[in-house]
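Now for the letters of each chain:
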Amino acid sequence: MSTDLTLAREPEPGPAVSRRSILEAHDVHRSFGQTPALRGARLAVGTGEILAVMGPSGSGKSTLLHCLAGIYTPDQGEIRFDGQRIDELSDARRTQLRRTAFGFVFQFGQLIPELTVSDNIAMPLLLGDVRRKEAYRRAGAWLDRLGLGGLGGRRTGELSGGQAQRVAIARALAPQPKVLFADEPTGSLDSLTSETVMDLLVSTARAEGTTVVLVTHDARVAACAERTVMVRDGKVSALTEYEVAS
Amino acid sequence: MHTASVSVPLTLLGLLDREPSHGYDLKRDYDAFFGRDKPLPFGQVYSTLGRLARDGKVTVGASEPGDGPDRKRYSITDSGRTEVEAWLTEPAPPEPHLQSVLFAKVVLALMLGRDAARYLDAQRGSHLRRMRELTEMRRGGATMDVLLADYGLFHLEADLRWIDATEARLGALREMVRKP
């Protein structure tokens, strides 16, 4: 059950009370060796919200994303997904959660180059026990949806950067995750291709009702989100107040 | 959008360089292409055309029968065409836009012992809000809207980069503006 943001434990900065939070970071600390990356980060992400996380290099923004996604566990503090603490789960349970509830898009698509485009998109569905025929049917539908029709048989190494990122988006959204984590998803693309990829990511996530946490240093990419927070010295501050997307 | 204002006389001359036209049609074309946020008043159209005629940049034809109050056809002269050509060839001055305002606020904030970083954050938030509006305008907009939004977005992005760099240099700037 998700936490109502009007509760006393409300973390800051968070979305307005009109949306229930799906993800929360409470006073999260995380260090790498002697180097602290997060020093008491607090954040709440609303259900269906598209949130941009900005910050200078080394500010801790990627570490925050990895903690929210259950890839890193905090040294101190809590991470809650749908009201439940995930920082206390076993590695196996967190892996399962990432597979079933979260999707990921990284700067370099991290597609499997030996496989075709369709194979890459179908892969998480097959791992999630969807039958082969159905997995490839859904993969085909996602190809059409992201303007990749006719490319299903290509090896991913033959794709342009923009096409590869669209495949990565399709692969991430095909299992219908509740939250999509995107870490510099357009970092390797030129300006116009970046716009196309972001437009597709945002419109598709909105249509699916998927929550998006988007780490970027690019203000134009952040402007595609509904709200922006800034990570500075391992802490989170609000840059723009919550606004309901039109 | 933080753009320098468009020169009305030169823009009207440019439209007339395309083809002779009536005042009403000039206003319609100006509003469609250049005056989307601020339509040109009829009075300004005719006063501008009057000055251009006085300066020998346009000629005014005889009144023609037809609908509407103004049926005079305006044509560009060689002198006017030369001016349009020169204007189009000459790069516009690289206007500093907001820089002077932002710079003055940061320096004053530091001089007065205020929290300059907080001001920069507020400005960053304000810029991002405007960028989000322009991004929404771009999304699914006509090509003209996309181009106008792009112009604003790139300029705001440049301001944001300046804000980031200034924030990183606040310590040095504080030392510099501190009274000896």
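Higher on the page you've got the structure.
Reading the values: rules and limits
- Residues numbered from 1 in each chain as written.
- Chains lettered and ligands numbered in written order.
- Predicted model: local features only at pLDDT ≥ 70, side-chain atom pairs only at ≥ 80, totals over all residues.
- Core = buried A, V, L, I, M, F, W, Y, C linked by C-beta atoms within 7 Å.
- Buried ≥ 20, exposed ≤ 12 C-beta atoms within 10 Å, placed from the backbone.
- Helix = DSSP H or I, 4+ residues; strand = E, 2+ residues; numbered from the N terminus.
- Contact = placed C-beta atoms within 7 Å.
- Nonpolar A, V, L, I, M, F, W, Y, C, P; charged D, E, K, R; others polar.
- Axes fitted to C-alpha atoms, helices over the stretch in contact; angles between N-to-C directions.
- Parallel < 35°, antiparallel > 145°, perpendicular 65-115°, else oblique.
- Pairing = 2+ DSSP bridges.
- Left-handed = near helix turned anticlockwise from the far one by under 90°.

J.: Give a detailed account of the nonpolar core, specifying residues and quantitative values.
T.: In this structure, L51, V53, V213 and L214 of chain A are the most contacted members of the largest nonpolar core, which totals 84 residues. It is helix α5 (residues 161-173) of chain A that provides the largest number of residues to this core, a total of seven residues. The residues touching V53 of chain A, leaving out its near neighbours within four places in the chain, are K61, L64, L65, V213, L214, V215, V229 and V231 of chain A. By size, the runner-up hydrophobic cluster in this structure holds 13 residues, among which are L13, L15, V58 and I76 of chain B.

J.: Account for the interface of chain A and chain B, naming residues and giving values.
T.: Counting from both sides, the interface comprises eleven residues of chain A and, opposite them, 13 residues of chain B. When residues in the side of chain A that touches chain B are grouped by element, the largest group, three residues, is from helix α7 (residues 219-222) of chain A. Here the residues of the side of chain A that touches chain B sort into five nonpolar, four polar and two charged.

J.: Report on the packing of helix α1 (residues 8-18) of chain B against helix α3 (residues 42-54) of chain B, specifying residues and quantitative values.
T.: Residues and elements named next belong to chain B. Here α1 crosses α3 at 80°, and the two axes come no closer than 10 Å. Accordingly, the angle class assigned to the pair α1 and α3 is roughly perpendicular. Across the interface between the two elements, V8, P9, L12 and L13 of α1 pack against Q44, T48, L49, R51 and L52 of α3. The class makeup of the residues in the contact of α1 with α3 is six nonpolar, two polar and one charged.

J.: Give me the sheet that holds strand β1 (residues 21-32) of chain A: which residues, what numbers.
T.: All names here are of chain A. Spatial ordering of the open sheet is given by β2-β1-β4-β5, a layout of four strands whose pairing is antiparallel. Both edges of this open sheet fall to β2 (35-46) and β5 (84-85), since each of them pairs with a single strand only. Direction of pairing for β1 relative to β2: antiparallel, over a ladder of nine bridges. Within the sheet, the bridge partner assigned to H29 lies in β2 and is R39.

J.: I'd love a proper account of the packing of α1 of chain B against helix α2 (residues 23-33) of chain B, names of residues and values included.
T.: The relative placement of two packed helices comes down to the angle between their axes together with the axis-to-axis distance. Residue and element names in this part refer to chain B. Axis separation between α1 and α2 bottoms out at 10 Å; the angle between their running directions is 110°. What the angle tells us is that α1 and α2 run roughly perpendicular. Once α1 is placed against α2, the crossing between them reads as right-handed. On α2, the residues that touch T11, L12 and L15 of α1 are L26, D29 and Y30. Grouping the constituent residues of the contact of α1 with α2 by class yields four nonpolar, one polar and one charged.

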